[in-house]
Amino acid sequence: MRDGALTAKLWAGLIWVVIGFFIVNVFGLIAAVVVNSFATRWLGTWLPAGFTLQWYGSAWSEFQLDSVLIVTVEVVFAVVAISLLVGVPAAYALARRDFRFKRAILLLFVLPLLVPPMTYGIPLATVLYRLHLAGTIVGVILANLVPAVPFVVLVVTPFVEQIDPRLEAAARVFGAGTFRLFFHVLVPLLTPGILAAGLLVLVRTIAMFELTFLTAGPDSQTLVVALYYSVFAAGIRAGQSVDAMAVIYMATTLVWLLIALRFVNPTQLVTRVKE
Amino acid sequence: MNPSAPFSAAGESSGSKKPAPSGREQNFQQLRIEKISRNFGATAALAALDLTIRSGEFIALLGPSGCGKSTALNCIAGLLPLTGGTIWLDERRIDQLRPERRGFGMVFQNYALFPHLTVRRNVGFGLKMRGIPGNEIRRRVDAALELVQLQAHADKLPGRLSGGQQQRVAIARAIVIEPPVILMDEPLSNLDAKLRLEMRAEIKRIHRDLGRTTIYVTHDQDEALSLADRIVVLNDGRTQQIGPPEELYAKPANLQVARFMGYRNILELDLERVEGSFAFLAGSGLQLQGIAQECLTSKRAVIAIRPDDIAIEPAQRKINEAHPRNVIFGQAELVEYCGRDYLVDVLAESGVLLHARTPRRIVTGDRLRLAVSPERVLAFSPA
Amino acid sequence: MSSAASIQRKTVDVTALLVAPGVGLVLLLFLYPFLYGFLLSFSAHEGVGLRNYVKFFSTPFLSQTIATTLWISFPATVVNIGLALPIAFATRRHRLQRLLTAILVVPITLGTVLIAEGLLLYLGPQGWLNRFLLVTHLSTSAIHLTHNYWGVFLSLVVSGFPFAYLLLLSYLTGIDPVLPQAAATLGASPWRQFIHIYLPLLVPGLAIAFCLSFVQAFSVFPSAVLLGAPAGPTRVISIAAYQAAFEDYDYPMASAIAMIMAGVQLLVVVLILAIRVLFYRGPTVGPKG
């Protein structure tokens, strides 16, 4: 009995040591980026020689961050809006109706989340080149819709299933037409699900690298791709201005993450909601 | 045949082979629960429950939802740590043992059958945990399944059983380990009315045959009355009354218990005087004589009368007729036919609504004369 | 449902059609390009055939990328799941669990590019980690964790462990807590509750978590370029595909590599799901009456 309690204590201790080790290192790497972005010169010491804000200014002009940010906002909001518009009705139909090929359709919605984006990203980029859409914002938005729409469908479906179908029946009995039913009954009831799906797609699209990378041109880069190019080309430019850009990227993501965490469970970021 | 025979025999052999938590303490004298309490944050879900249970007794914990009865059961099982108090099995203190070391059998409200194990392996789970050899597990599981009449379903997964069958599996799983005490948490609440009656009889039969000490949580007073040797009534985490069913039914200790025991007519009246154990009350146009259940000090008192104790006969009050005590005139307001008798809501002339039960056929609108014996009018102090 | 269904029978087709835009979009942007790439992969300058595939498997520089990718992604996935399972189990009802999940979600949302940049600084020869090791005399010389296998591996753990943790936590909390309680009253110690109740009920979740974690690790790209040695030990299959498409402009070859990548990925998924079939796959709450 005592031995059992001791091993249990040791085990719990070990678990928290591992968690602590992981978190310390993650914060270490984030702090390293932040510190470097404010550093005047940082060579071979614990902390830089001095601090400055100049890199943010130079990053802004060097990487044309104003246009990159505008593109990012345009892409992200277009993807969120379109994926909700297309995904929510699909989720409703899948949750409420049984029809032919339903299993096949479900598989179709799961597949884009199950294979690496590279595998369909490259052929998709090829198709977009043929259509002269590659390198444009439209192409980037289309590519990002591929994982976003299935994600919305899978997140919203359980929310629809939670709504008692008798509520809709009741609304019809009391004379609501399809249009009124949708806007007065379903949309208010589905708001938490739509909000959750929208925020999750937003955060995921900001961080989605591969698809944007494969389809973007010089004028249609989002923040994450611009960051990749700047790191890739490091050495040409000062590392600090790369990190200033990284901090701007981080701030953009974290703001939305904080908003998202007020409304959604963190586990929903990686998977669809259950129950 | 006596189904308990294979059980006790198996219990002895296993007890000698492997000192498992159960089996050893089967022949305990009493389970003493001393002032146990449990707080959730600032609220006391259970306050100082004191109860000594004799071996073989059937105890029901009765109360409305949220009264602390399930908390009490979980504390006894060891699933919830106590905030205060101790639990003793004879001279052994057990309240600090983890549930797996207490060896009590438990039947959960939703049965908590393991969905990935067959009926046979569900029932045998506790024996396997005790390191009992496979062939003996098989024999004892067979005996338990026979006891609950589920031999035919031994190799099914629980998801394929009906509610009543799942319930039997849960009971078999709890009794097969021959625990000193079996704990049941509202085991019948998920069944429909007919099945509930059947399973109630089944539980009664198993208790009669095996004689296992049982603590049974329920919110249904009929269940408690029909099954238990003694009933513990809880409300807001506090013990209201402990006693045999007949005592609770006839002499509830307070209004809470009375309400729970089916005293549907509860009226607050003026207390005129007290003579010995009798209280004389008036108000709302009524004049009643009843028995004081506690020391009545204030000018008001609350009376409780069961619908069954009110005698009904059709009657027209003659003008200026004397108005004797414990007689009330009124009109049938609503009549519910209950098969064996009628439940009548009577609107008294004074405007008070009373509930009465009668085998006599009554129709809405009938003029009625109600009478109740003073012994069946219980008077309490107002809350 | 039956009453609702009868009321709504008239509109059944209309409602089902709501799925059409979503299906159309995925067909057009996912399945069509995928099939197009599949067909394209069989065409070459000299005509139609298996030439691209033959070339891939006969050129070690290309074919080795499969082994390289597996050699990074498989251990990383095993480590991530292996760490996440006990940690998710130990913290599932801890009071700090919500805070922990909120912290762990950060590396996932920051994405691989930022993690790669951060690790370059943090793990580099002048980084804080090496400074710490030297100052505390845990190491006598700087250890090389960037521009090699370990850099990529660590970046996969930084982004993959939180992912696996959150996934497994959601599966673990989906298991009805009354089941292990029932096991406890039947004499099962916490360890045996884990072995006999949690683990069997978690098998489907573990399989899915493994698959999704593996997809992430297998498609490793930016960190393999930025944090690894993209010409040698961390030349993963994504790099080969990207180079074929955007440096050699050989779209048929790039498509062939993408198909091979999808094939290997799906093979692993099928393998995991096949193993999963051997176990129980039902609800993780007790049956309701």
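Residues numbered from 1 in each chain as written. Chains lettered and ligands numbered in written order. Predicted model: local features only at pLDDT ≥ 70, side-chain atom pairs only at ≥ 80, totals over all residues. Heavy atoms only, no water.

(A) Structural context of the overall build of chain A. Within chain A one finds 11 helices and 0 strands. In chain A, the succession of helices and strands from N to C terminus is α-α-α-α-α-α-α-α-α-α-α. For 275 residues, the compact-globule estimate of 2.2 N^0.38 gives 19 Å, and chain A exceeds it by more than 25% at 23 Å. For chain A, the spread of C-alpha atoms along the three principal axes comes to 75 × 70 × 35 Å. Each of the 275 residues in chain A was classed as buried or not, and the buried ones make up 56%. Taking the intrachain contacts of chain A between residues at least 6 apart in sequence as the baseline, contacts between residues at least 24 apart amount to 73%. Roughly 12,400 Å² of accessible area belongs to chain A as shown, and the carbon and sulfur atoms make up 69% of that amount. For chain A, the centre of its 17 positive side-chain charges and the centre of its 12 negative side-chain charges are spaced 9 Å apart. (Helix = DSSP H or I, 4+ residues; strand = E, 2+ residues; numbered from the N terminus. Rg over C-alpha atoms; globule rule 2.2 N^0.38 Å. Buried < 20%, exposed > 50% of the residue type's maximum accessible area, 1.4 Å probe, protein only. Contact = heavy atoms within 4.5 Å. Areas by Shrake-Rupley, 256 points an atom, 1.4 Å probe, with all protein chains shown as cover. Lys, Arg positive; Asp, Glu negative; His and termini not counted. Charge placed at Lys NZ, Arg CZ, Asp CG, Glu CD.)

(B) A look at the overall build of chain C. Helix and strand counts for chain C stand at 13 helices and 2 strands. Here the C-alpha atoms of chain C give a radius of gyration of 24 Å, more than 25% beyond the 19 Å that 2.2 N^0.38 yields for 289 residues. Each of the three principal axes of chain C carries a C-alpha extent, and together these read 70 × 65 × 30 Å. Looking at chain C as a whole, 58% of its 289 residues are labelled buried. Distance between charge centroids for chain C: 22 Å, based on 14 positive and 7 negative side chains.

(C) Inspection of the packing of aromatic side chains at higher detail. All names here are of chain C. Within the structure shown, the criterion is met by 36 aromatic pairs over all chains. Both rings, one in Phe-74 and one in Phe-214, keep their centres 6.5 Å apart while their planes meet at 70°; by these two values the pair is edge-to-face. Placement of Phe-74 in helix α5 (residues 60–91) and of Phe-214 in helix α10 (residues 190–218) is noted, with a sequence separation of 140 residues between them. Assessed through its relative accessible area of 0%, Phe-214 is described here as buried. On the basis of an interplanar angle of 25° and a centroid distance of 5.5 Å, the ring pair of Phe-214 and Phe-218 is categorised as stacked. Taken together, the residues span about one helical turn, with Phe-214 and Phe-218 both in helix α10 at a distance of 4 residues. The pair Phe-214 / Phe-218 is uniform in exposure class, with both members buried. (Phe/Tyr/Trp six-rings, centres within 6.5 Å; stacked < 30°, edge-to-face > 60°.)

(D) Summary view of the nonpolar core. Grouped together as the largest cluster of nonpolar side chains are 287 residues, with contacts concentrated most on A:Phe109, B:Leu31 and C:Tyr165. If you tally residues by element for this core, the top one is helix α3 (residues 65–96) of chain A, at 17 residues. Ignoring any residue separated from it by four or fewer positions in sequence, one finds B:Leu31 in contact with B:Leu51, B:Thr52, B:Ile53, B:Ile87, B:Trp88, B:Leu89, B:Ile94, B:Phe104, B:Val181 and B:Ile215. Formed by 28 residues, the second largest nonpolar core is a distinct cluster that contains B:Leu267, B:Ala279, B:Val344 and B:Ala356. (Core = buried A, V, L, I, M, F, W, Y, C linked by side-chain atoms within 4.5 Å.)

(E) Spotlight on the sheet that holds strand β2 (residues 43–54) of chain B. Residues and elements named next belong to chain B. The strand order across the open sheet formed by 4 strands is β2-β1-β4-β5, and the pairing between neighbours is antiparallel. Each edge of the open sheet is held by one strand with a lone partner, namely β2 and β5 (92–93). As judged from the 2 bridges shared by strand β4 (residues 84–89) and β5, these two strands associate in the antiparallel manner. If you follow Leu-89 over to β5, its bridge partner there is Arg-92. In the packing of helix α3 (residues 69–77) onto the sheet, the strands contacted are β1 (30–40), β2 and β4, and the crossing angle to β1 comes to about 120°. (Pairing = 2+ DSSP bridges. Axes fitted to C-alpha atoms, helices over the stretch in contact; angles between N-to-C directions.)

(F) Examining the pairing of strand β17 (residues 342–348) of chain B more closely. Residues and elements named next belong to chain B. The buried fraction of β17 amounts to 6 of the 7 residues, a majority that puts the element mostly inside the structure. Here 7 bridges tie strand β16 (residues 327–337) to β17, and the two strands are oriented antiparallel to one another. The partner of Ala-332 across the bridge, within β17, is Val-346. Between β16 and β17, which pair antiparallel and follow one another directly, the connecting turn spans 4 residues, one of which, Gly-339, has a positive phi of 90°. Relative to strand β18 (residues 353–358), β17 is paired through 6 bridges, and the arrangement is antiparallel. Counted as the bridge partner of Asp-345 is His-355 from β18. Where β17 hands over to β18, the hairpin turn is made up of 4 residues, of which Gly-351 adopts a positive phi near 100°.

(G) View of the interface of chain C and chain A. Listed as interface residues are 89 residues of chain C and, on the opposing side, 91 residues of chain A. Taking both sides of the interface into account, the surface hidden between chain C and chain A amounts to around 8,000 Å²; carbon and sulfur atoms contribute 82%. Counting the contacts that link chain C with chain A gives 0 salt bridges. The interface formed by chain C and chain A holds 3 residue pairs in polar contact (both at pLDDT 80 or more) in total. By residue number, the principal contributor to the side of chain C that touches chain A is helix α6 (residues 97–123) of chain C, which donates 21 residues. (Buried area = accessible area lost by both parts, 1.4 Å probe. Salt bridge = Lys/Arg side-chain N within 4 Å of Asp/Glu carboxyl O. Polar contact = N/O pair within 3.5 Å; in protein donor to acceptor, adjacent residues only side chain to side chain.)

(H) Up close: unusual backbone geometry. In this model, A:Gln64 sits at a positive phi of 50°, which is unusual for a non-glycine residue. Of note, A:Gln64 is situated in the loop between α2 (54–62) and α3. With a phi close to 65°, B:Asn326 is a non-glycine residue in the positive phi region. Among the secondary structure elements, B:Asn326 is positioned in the loop between β15 (310–314) and β16. According to the relative accessible area criterion, B:Asn326 is buried, its value standing at 5%.

(I) Up close: the domain arrangement of chain A. Residue and element names in this part refer to chain A. When the domains of chain A are assigned, the result is domain 1 (1–52) and domain 2 (56–269). For domain 1 versus domain 2, the separation of C-alpha centres amounts to 32 Å. In this assembly, 9 residues from domain 1 lie in contact with 8 residues from domain 2. Both faces combined, the contact of domain 1 with domain 2 buries some 630 Å², and carbon together with sulfur accounts for 64% of it. Counting every contact that joins domain 1 to domain 2 gives 0 salt bridges. Between domain 1 and domain 2 we count 3 residue pairs in polar contact (both at pLDDT 80 or more) in total. Of the residues assigned to the side of domain 1 that touches domain 2, the class counts are 5 nonpolar, 3 polar and 1 charged. (Domains from an automatic or database assignment. Nonpolar A, V, L, I, M, F, W, Y, C, P; charged D, E, K, R; others polar.)

(J) Representation of the side chain of B:Arg120. Residue and element names in this part refer to chain B. Looking at the secondary structure, you find Arg-120 in helix α5 (residues 119–129). Among the polar contacts listed, one links the side chain of Arg-120 to the side chain of Asp-142, at a separation of 3.1 Å. With near-sequence residues (within four places) excluded, Arg-120 lies in contact with Arg-138, Val-141, Asp-142, Ala-154 and Asp-155.

(K) Inspection of α10(C) at higher detail. Compared with an ideal rise of 1.5 Å per residue, which puts 29 residues at 42 Å, α10(C) spans 35 Å between its outermost C-alpha atoms and falls more than 12% short. Across the 29 residues that make up α10(C), a large majority, 21, are buried. (Expected span 1.5 Å × (residues − 1).)

(L) A look at the environment of A:Val264. All names here are of chain A. Residue position: Val-264 is located in the segment after α11 (239–263). Residue classification places Val-264 among the buried residues on the basis of a relative accessible area of 3%. Residues Val-264 and Phe-99, 165 residues apart in the sequence, show an inter-C-alpha distance of 31 Å. In contact with Val-264, not counting residues within four places along its chain, are Ala-196 and Leu-200.

(M) Representation of the sheet that holds β18(B) within the structure. All names here are of chain B. Overall, antiparallel pairing links the 5 strands, which are arranged β15-β19-β16-β17-β18 in an open sheet. If you trace the sheet from one side to the other, it starts and ends with β15 and β18, each paired once. With strand direction ignored, the average angle separating the axes of adjacent strands in the sheet is 45°.

(N) Summary view of the environment of B:Met129. Along the chain, the position of B:Met129 falls in helix α5. Note: C-alpha distance between B:Met129 and B:Ile312 (183 residues apart in sequence) is 61 Å. Residues in contact with B:Met129, not counting those within four places in the same chain, are C:Leu186, C:Gly187, C:Ala188, C:Arg192 and C:His196.

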